[in-house]
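In case you want the letters, here they are:
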Amino acid sequence: PTSSEKSYETTTMKFPHDKVREAAYGLIDANERCRFHHDIGMALLSNIQATDSDEILFSTVHQINRSASLLLGYPAETRLSMAELNLKAGSRAIQCSYFMSAFSYLQVGAELLPADSWKE
């Protein structure tokens, strides 16, 4: 692949215990973990219009939000789209009585907005 293409080998790993999984996850560099979450979230996002599933919406937003530090460097239009996605997830979470998740989605969405967005 060229430098602009991403190539991932499909590997499935099953861990006998959550602690083993957490230890393996902890061995991955923090920047690389952030990039993985970003790539997973963007892949899920490309398919989100095909479904109306709350579970897929929540999973997508969760993955994207795990890479929010990367999004802060994106153009304002992209950050606004991600903020709107967080608003949608937050609203759905409230409807499902997932209040802590809703708070998290809405908080990240607000952080992605431009500083002067409240004036518009």
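So, how was this worked out
Residues numbered from 1 in each chain as written. Predicted model: local features only at pLDDT ≥ 70, side-chain atom pairs only at ≥ 80, totals over all residues. Heavy atoms only, no water. Helix = DSSP H or I, 4+ residues; strand = E, 2+ residues; numbered from the N terminus. Buried < 20%, exposed > 50% of the residue type's maximum accessible area, 1.4 Å probe, protein only. Contact = heavy atoms within 4.5 Å. Areas by Shrake-Rupley, 256 points an atom, 1.4 Å probe, with all protein chains shown as cover. Expected span 1.5 Å × (residues − 1). Phe/Tyr/Trp six-rings, centres within 6.5 Å; stacked < 30°, edge-to-face > 60°.

**Student:** Quick question: what am I supposed to make of the overall build of the chain here?
**Tutor:** If you tally the helices and strands in the chain, you get six helices and zero strands. The N-to-C order of helical and strand elements in the chain reads α-α-α-α-α-α. Buried residues in the chain amount to 27% of all 120 residues. For the chain, long-range pairs separated by at least 24 residues make up 58% of all intrachain contacts whose partners lie at least 6 apart in sequence. Carbon together with sulfur atoms contributes 56% to the accessible area of the chain, which is approximately 8,700 Å² in total.

**Student:** Sorry if this is basic, but what is going on with helix α5 (residues 76-95) here?
**Tutor:** An α-helical segment advances 3.6 residues per turn. Residues three or four places apart therefore align on the same side. In this model, α5 (20 residues) spans 28 Å end to end at C-alpha, consistent with the 28 Å of a helix rising 1.5 Å per residue. Listed in full, the buried residues belonging to α5 are Arg79, Met82, Ala83, Leu85, Asn86, Ala89, Gly90, Arg92 and Ala93. Where α5 is buried, its residues contact α2 (30-45), α3 (54-65), α4 (68-71) and α6 (99-112). One or two steps after α5, the chain reaches Ser97, where phi turns positive at roughly 65°.

**Student:** How should the side chain of Ser67 be read in this particular structure?
**Tutor:** Along the chain, Ser67 turns up in the loop between α3 and α4. Ignoring sequence-local partners within four residues, the contact set of Ser67 consists of Cys34, His37 and His38.

**Student:** What should I look at first to understand unusual backbone geometry in this one?
**Tutor:** Backbone phi values are negative for most residues with the exception of glycine, while trans is the configuration of most peptide bonds. Phi at Ser97 is positive, roughly 65°, even though this residue is not glycine. In this fold, Ser97 is placed in the loop between α5 and α6.

**Student:** What exactly am I supposed to notice about the packing of aromatic side chains here?
**Tutor:** Note on aromatic pairs: each is described by the distance of the centres and the angle between the planes. Per the counting criterion, the structure on display carries two aromatic pairs. Aromatic pair Phe58 and Tyr105: ring centres 5.8 Å apart, planes at 15°, arrangement stacked. Taken together, the residues span a long stretch of sequence, with Phe58 in helix α3 and Tyr105 in helix α6 at a distance of 47 residues. Grouping residues by exposure puts Phe58 and Tyr105 together as buried. Each member of the aromatic cluster is reached from another via a ring pair, and the members are Phe58, Tyr98 and Tyr105.

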